[in-house]
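# Residue-level structure breakdown
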Amino acid sequence: TLPFTLTTPAVGQGSPPVSIEASGAIVVERRAVSPSPGNSAPLLVNGFQVTRIAHATPSASAQNTLTVSFQTFASLTTLGTDAGSSVRISGLTGSETPDNAELPITAPPGSPLAATGRWEQSSGTLEVSVEGNTTAGALYTFSFPLLNPPAPQPSPSVSIECLGVAAARVTADKPQGNDAPMLVAGFITARAG
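Residues numbered from 1 in each chain as written. Predicted model: local features only at pLDDT ≥ 70, side-chain atom pairs only at ≥ 80, totals over all residues. Heavy atoms only, no water.

### Description of the environment of M182
Locating M182 in the fold gives a position in the segment after strand 11 (167-171). Overall, the relative accessible area of 0% leaves M182 in the buried class. (Helix = DSSP H or I, 4+ residues; strand = E, 2+ residues; numbered from the N terminus. Buried < 20%, exposed > 50% of the residue type's maximum accessible area, 1.4 Å probe, protein only.)

Dropping the structure here:
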């Protein structure tokens, strides 16, 4: 055993190939090192490989469905010191949906995500618990309802992060045009006459 300390990057990355060699009085040719499995792999830093959020309608005062997709470098787990992992979406401002500790979450059958999430209207934040282990590198998708505001607004900047098996907050990718989340259509200039 040869312990040493490394500083990992602030951004997510998969575990790179690791090798060992020695030179000097005793020479050992370079050999690949078998990594530890899962989240114990050397230099694995959790982060997002994919983030995306879109919505179904830009209509004012409409019941809207927002869809989030994400993929992480590490497994989000419900075990050990990282128990209690969750995914937090923030920046969904303007919604008329009041605070709700059990906002319905729709995910494919067998999804490790909870069936409800905690919604906070003032900050536009939704937190969804992970109730089963995710697989690193797998794409996960879920949807939830929000009521669009009555007045036009541009699509806000939306962020995503993981708690528990932490993944730093990043700005989620979003489509342009009418599919941009929380975009509410309206007139820029209206003239009658």
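### Details of unusual backbone geometry
The phi dihedral of S61 falls on the positive side, at around 60°, and the residue is not glycine. Within the element layout of this structure, S61 appears in the loop between strand 3 (48-55) and strand 4 (63-72). In the Ramachandran plot, M182 falls in the positive-phi region, its phi being about 65° despite a non-glycine side chain.

### Comments concerning the environment of V11
Residue position: V11 is located in the segment before strand 1 (19-22). V11 sits 37 residues away from F48 along the chain, and the two C-alpha atoms are 8.7 Å apart.

### Some remarks on the sheet that holds strand 11
Read from one edge to the other, the open sheet built from 6 strands follows the order 6-7-8-5-10-11, with strand pairing classed as antiparallel. Of all the strands in the sheet, the pair left with one neighbour each is strand 6 (100-104) and strand 11. Across the sheet, the axes of successive neighbouring strands diverge by a mean angle of 25°, strand direction being ignored. The pairing of strand 5 (residues 86-90) with strand 8 (residues 125-130) spans 4 bridges and is antiparallel. The partner of I89 across the bridge, within strand 8, is L126. (Pairing = 2+ DSSP bridges. Axes fitted to C-alpha atoms, helices over the stretch in contact; angles between N-to-C directions.)

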